[in-house]
Amino acid sequence: MLATWLLFIVVLFVCFVGVDADFLALFSEGARENMGRILGEMLRPDWSYASHIWKPMVETVQIAIAGTIIGAVLAVPVALLCAVNIMPKKIVSIPARMVLNLVRTVPDLLFAAIFVAVFGIGAFAGMLALVFFSFGLVAKLTYEAIEAIDPGPLEAMTASGANKIQLIVFGVIPQALPYFFSYVLYTFEVNVRAAAVLGFVGAGGIGLHLDQQLNSLRYDRASTIILLTLVIVLLIDYASTYLRRKLL
């Protein structure tokens, strides 16, 4: 146990050194002045600006919904190809997993920056970024859920002469479907937060307005955007958590 703690402390110290962590800078006079000024402005939100951000806020939710649904639909066949109990042939499952890992390696902000460069500034680029992000996340979680299902029904169906399609429809889907919907709801929660940030690279939504206000040093308006975004995210989180509990 002592060796584990010593190793943890050494790793933590090396990381602090590697990132040039200077905690004394947090309490320097300049940092205190800047923090006090920014917090002072953010504690006085400009509520008159709220009427200007409802449309981009709705656009942010729409980006998350479209990206999540399209990505989840595309994830289903790939998840089936990756699950070894459904696709035992490694010549198929291994390449499918490699493609999935490649997609999951690229951050959503990088996807958004690429699509903004290709299609221009706007919500379409943000939606495409979340399609790829949702595809990678849902496919990964779903194929793991498929591999963990009860093999008994599949063995019984195989013994009775069921083909692969029948195995998937009557043996896999009934067991994996609740988990799939739970993963989709979780991904939607994550995507709402992500969609609020994608605007920083020009991918539409409320993030674009937040970036503009921060660059203009209008921290009172930025505070309004953050607070309204927080309300939307909390409502979605509560509804999603409730639905996931019902499904599982």
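Here is what the cut-offs are and how they apply
Residues numbered from 1 in each chain as written. Predicted model: local features only at pLDDT ≥ 70, side-chain atom pairs only at ≥ 80, totals over all residues. Heavy atoms only, no water. Patch = residues over 30% accessible without salt bridge, like charges linked within 9 Å, V, L, I, M, F, W, Y side chains within 5 Å. Areas by Shrake-Rupley, 256 points an atom, 1.4 Å probe, with all protein chains shown as cover. Salt bridge = Lys/Arg side-chain N within 4 Å of Asp/Glu carboxyl O. Helix = DSSP H or I, 4+ residues; strand = E, 2+ residues; numbered from the N terminus. Buried < 20%, exposed > 50% of the residue type's maximum accessible area, 1.4 Å probe, protein only. Lys, Arg positive; Asp, Glu negative; His and termini not counted. Contact = heavy atoms within 4.5 Å. Phe/Tyr/Trp six-rings, centres within 6.5 Å; stacked < 30°, edge-to-face > 60°. Expected span 1.5 Å × (residues − 1). Arc of directions from axis to C-beta. Core = buried A, V, L, I, M, F, W, Y, C linked by side-chain atoms within 4.5 Å. Polar contact = N/O pair within 3.5 Å; in protein donor to acceptor, adjacent residues only side chain to side chain.

**A closer look at a nonpolar patch on the surface**
Here is step 1 of the chain: Side chains of M1, L2, W5, L6, F8, I9, L12, F16, V19 and F23 sit close together on the surface and give an oily, nonpolar patch of about 1,100 Å² of accessible area.
Here is step 2 of the chain: Along the chain, the position of M1 falls in the segment before α1 (2–18).

**Section: the side chain of D108**
Here is step 1 of the chain: Within the secondary structure, D108 sits in helix α5 (residues 108–119).
Here is step 2 of the chain: Buried charge without a partner: D108 forms no salt bridge, and the closest opposite charge is R193, 11 Å away.
Here is step 3 of the chain: Not counting the four nearest positions on each side in its chain, D108 is found in contact with A129, F133, A194 and L198.

**Looking at the side chain of T68**
Here is step 1 of the chain: Relative to the helices and strands, T68 is located in helix α3 (residues 54–82).
Here is step 2 of the chain: Taking relative accessible area as the criterion, T68 reaches 2% and is therefore assigned buried.
Here is step 3 of the chain: Setting aside anything within four residues of it in sequence, one finds T68 in contact with S134, V184, T187, F188 and N191.

**Notes on the pattern of salt bridges**
Here is step 1 of the chain: Applying the stated criterion to the full structure yields six salt bridges.
Here is step 2 of the chain: Residue R193 pairs with D237 through a salt bridge whose shortest N-O separation is 2.4 Å. Of the two residues, R193 is situated in helix α8 (residues 164–198) and D237 in helix α10 (residues 219–247); the sequence distance between them amounts to 44 residues.
Here is step 3 of the chain: Residue classification places R193 among the partly exposed residues on the basis of a relative accessible area of 39%.
Here is step 4 of the chain: By sharing partners, the salt bridges in this structure join D46, R218, D220 and R221 into a single network.

**What about the packing of aromatic side chains?**
Here is step 1 of the chain: If you walk through the whole model with that rule in mind, you get seven aromatic pairs.
Here is step 2 of the chain: For the pair F180 and F181, a centre-to-centre distance of 5.7 Å together with 55 degrees between the ring planes defines the contact as tilted.
Here is step 3 of the chain: Through a chain of ring-to-ring contacts, the aromatic side chains of F111, F115, F119, F124 and F132 assemble into a single cluster.

**Focus on helix α4 (residues 90–105)**
Here is step 1 of the chain: The first and last C-alpha atoms of α4 sit 22 Å apart over 16 residues, in line with the 22 Å expected at 1.5 Å per residue.
Here is step 2 of the chain: Restricting attention to buried positions, one finds in α4 the residues S93, A96, L100 and V103. Along the long axis of α4, the arc covered by the buried residues comes to 90 degrees, so they all point the same way. Residues of α4 that are exposed and point over 90 degrees away from its buried face: K90, I91, M98, L102 and T105.
Here is step 3 of the chain: Along its buried surface, α4 packs onto α3, α5 and α6 (123–147).

**Details of α5**
Here is step 1 of the chain: Here α5 is twelve residues long and its end C-alpha atoms lie 16 Å apart, about the 16 Å a rise of 1.5 Å per residue gives.
Here is step 2 of the chain: Buried residues of α5: D108, F111, A112, F115 and V116, and no others. Each buried residue of α5 sits inside an arc of 135 degrees when the element is viewed along its axis, so together they form one side. Across α5 from its buried face, at more than 90 degrees, point the exposed residues A117 and V118.
Here is step 3 of the chain: On its buried face, α5 is in contact with α4, α6 and α8.
Here is step 4 of the chain: Trailing α5 by a residue or two, G120 shows a phi angle of about 95 degrees, which is positive.

**With respect to the nonpolar core**
Here is step 1 of the chain: I86, I146 and V172 are the most contacted members of the largest nonpolar core, which has 40 residues in total.
Here is step 2 of the chain: Elements with a minimum of two residues in this core: α3, α4, α5, α6, α7 (151–159) and α8.
Here is step 3 of the chain: Within the second largest apolar cluster, ten residues are counted, among which are Y49, I53, M57 and I225.

**What about the environment of S48?**
Here is step 1 of the chain: Considering the arrangement of structural elements, one finds S48 in the loop between α2 (29–42) and α3.
Here is step 2 of the chain: When its relative accessible area of 52% is taken as the criterion, S48 is described as exposed.
Here is step 3 of the chain: Between the C-alpha atom of S48 and that of R221, which follows or precedes it by 173 residues, the distance is 8.8 Å.
Here is step 4 of the chain: Within the local environment of S48, its side chain forms a polar contact with the side chain of D46, the two groups lying 2.4 Å apart.

**Some details on the environment of S223**
Here is step 1 of the chain: Mapped onto the elements of the fold, S223 is located in helix α10.
Here is step 2 of the chain: S223 gets classed as buried once you look at its relative accessible area, which sits at 5%.
Here is step 3 of the chain: Along the primary structure S223 and L39 are separated by 184 residues, whereas in three dimensions their C-alpha atoms are 9.4 Å apart.
Here is step 4 of the chain: Filtering out sequence-adjacent residues up to four positions away, S223 remains in contact with M42 and P45.

Purely geometric numbers; function is a separate question.
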